[in-house]
Amino acid sequence: MSVIVIVADGARPEAVAEGIAAGRLPALARLAAEGFHGRVTTVFPSVTGLAYVPMTMGRHPVAVGLPGLRWLDRARERTRAPHFTRSYLGWDMRYLSGDLDATAPTIFELSRPSFAALSMIGRGLATRDWIGRSLAWQLRGAWAHFRGSVDGWLAIDRQVADLSVRRIARDHPSYAMVALLGIDKLSHAFGCTDPRVDMALALVDDTVARIRADAERDGRWADMHLWVVSDHGHSPVHTHDDLADIIRNAGHRTIAHPRVRASMTSDVAVMVSGNAMAHLYLEPQRRQAAGWAAHAPRWEPLVHDLVSRPSADLVILPVDETTCEVRSARCGSAQVSSAGTLITYTPTDGDPLQLGPQPLRLSREASWERCAETAYPDALVQIAHLADAPRVGDIILSAAPGWDFRARFEPIPHRSTHGSLHRDHMWVPLLGNRPVTRPPQRTVDLFPSTLTALGLPPVAGSDGETFVAAS
Ligand SMILES: [Zn+2]
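Now for a quick tour of the structure. (Residues numbered from 1 in each chain as written. Predicted model: local features only at pLDDT ≥ 70, side-chain atom pairs only at ≥ 80, totals over all residues.)

### With respect to the packing of helix H7 (residues 150-171) against helix H9 (residues 195-218)
Between H7 and H9, the shortest axis-to-axis distance is 10 Å and the interhelical angle comes to 10°. When the axes of H7 and H9 are compared, the pair comes out roughly parallel. When H7 is examined against H9, the residues Val150, Leu154, Asp157, Arg158, Ala161, Val165, Ile168 and Ala169 are found in contact with a partner set consisting of Arg196, Met199, Ala200, Leu203, Thr207, Arg210, Ile211 and Asp214. Here the contact of H7 with H9 is built from residues that sort into ten nonpolar, one polar and five charged. (Axes fitted to C-alpha atoms, helices over the stretch in contact; angles between N-to-C directions. Helix = DSSP H or I, 4+ residues; strand = E, 2+ residues; numbered from the N terminus. Parallel < 35°, antiparallel > 145°, perpendicular 65-115°, else oblique. Contact = placed C-beta atoms within 7 Å. Nonpolar A, V, L, I, M, F, W, Y, C, P; charged D, E, K, R; others polar.)

And the structure:
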């Protein structure tokens, strides 16, 4: 058996459904007709790289040491002086594999032969089996990124698709993850509903068609699981509310990428991902996260100001290793806690997650169902993960629709954004060539499903539920 995962990075479920209905995506339409087509939730922060962790490691990214695309290393375990910060949007990308919890295996370590193309997660792969890992590829990607070159990104997608189709036909990997990034880049540059985004989606469809045709010709199709998924959604931005400037103008010494050298003499480190989410690290000199009660005397006025900004949809404050407080200007505050396998929601002064005024105590599965039709799909489980994650910020913001948190130093204009806990960013499409045994809920379900499909044993400590029948 083999599992081939195509990540249509940044594809919205609506775009896929509309493309199928309009006849623009014939290969995906065939998958939907013969197998499965639905939507699942990704993780918060809903950003590339982090959002590959559930699929490739069966874990939440914050649980294996990846809190965001930018973060402050309070414990100074993984970074160096003078600033002790990470940004995977630059050269720090090369440290990402080492930043991950070494005890949590990747699918590439479990399943051989395997290969990946433009996946930020690839620990366990040889360089020759990790397309996009080499320095030349990184430079090309950086060039297209910093020049905002649209044709460049489509050309990279085409090249990645060509190489991957050839590798799958030639090497018969038991697992392959192929990420095509054009949809995300074009969505940022032109808006997520721009017709140019459809060109990148058509390229995904074409890639699926070619992989299928090769597998059918060689008699491998009956033994292949082919899944198409995305890692986050997208939604239009009308205003960039630059958090670093706002906090600086409020009188606090503030650092943010790319100017982070003064982090150890600053009051607040602003680490934005997406750009519709941010971790704020208070008093970066502290070597340990303190919990909100310790910060409240000095920082409550800042949180009060942030909550009242129209850009801040939800403000999340880790309280201790089991609990986060959630605040919203319109809907008040509540606490989210995990107790064993159960998640509790306790409205304290309102109902910020729009789940009703009564306290809830739910399993992970029931939490997902309860949140599915709200503005914040899977919010209970996503927020519960933040409580017990040492690398997250002391204040975590999720942006309101139409807003993001970074106005400067972006090489591509951000007409569209992602990263938040809002449904526009949390829902992603999932298609597969076989019927499922149960409706998938989360992208983390891909991990145990891959293990089932390949006949591999379950991995202790991993999340998710398989949607594949044991063979
Ligand atoms: Zn993006």
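### So, helix H8 (residues 182-190)
Note: α-helices contain 3.6 residues per turn, so residues at a spacing of three or four share the same orientation. Burial analysis of H8 places eight of its nine residues in the buried class, the great majority of the element. When H8 is considered as a whole, its buried residues turn out to be Gly182, Ile183, Asp184, Lys185, Leu186, Ser187, His188 and Ala189. Looking at the packing, one finds that the buried side of H8 touches strand E1 (2-8), H7, strand E7 (175-180), H9 and strand E20 (416-417). Once H8 ends, the next one or two residues include Gly191, with phi positive near 105°. (Buried ≥ 20, exposed ≤ 12 C-beta atoms within 10 Å, placed from the backbone.)

### Comments concerning the sheet that holds strand E14 (residues 323-328)
As a general point, the strands of a sheet are linked pairwise by backbone hydrogen bonds and lie either parallel or antiparallel. Overall, mixed pairing links the nine strands, which are arranged E10-E11-E12-E18-E13-E14-E15-E16-E17 in an open sheet. The open sheet terminates on both sides in strands that have one partner only, identified here as strand E10 (254-256) and strand E17 (360-363). The average angle at which neighbouring strand axes cross in this sheet is 20°, direction not considered. Note: strand E11 (residues 268-273) against strand E12 (residues 277-282), six bridges, orientation antiparallel. The residue bridging Met271 from the neighbouring strand is His279, located in E12. Packing against the sheet, helix H12 (residues 364-371) makes contact with strand E16 (342-350) and E17, and its axis sits at approximately 115° to E17. (Pairing = 2+ DSSP bridges.)

### A look at the nonpolar core
Judged by nonpolar contacts, the single largest core of 143 residues is most densely connected at Val5, Ile6, Leu28, Val228, Val270 and Leu397. Three or more residues apiece are contributed to this core by two domains, here domain 1 (2-65 + 100-234 + 422-454) and domain 2 (238-411). Discounting chain neighbours no more than four positions away, the residues touching Leu28 are Val16, Ile20, Asp205, Val208, Val228 and Leu431. (Core = buried A, V, L, I, M, F, W, Y, C linked by C-beta atoms within 7 Å. Domains from an automatic or database assignment.)

### Re the pairing of strand E9 (residues 235-240)
Where E9 lies against E20, two bridges are found, and the strand directions are antiparallel. Within E20, the residue paired with Pro236 across the bridge is Ser416. Two elements, E9 and strand E19 (residues 402-404), share three bridges in a ladder whose sense is parallel. Paired with Thr239 across the bridge in E19 is Trp403.

### Some words on the pairing of strand E5 (residues 114-117)
Alternating positions in E5 separate into two faces, Ser114 and Ala116 on one and Phe115 and Ala117 on the other, with burial throughout. Relative to strand E6 (residues 130-131), E5 is paired through two bridges, and the arrangement is parallel. Following the sheet pairing, Ala117 is matched in E6 by Ile131.

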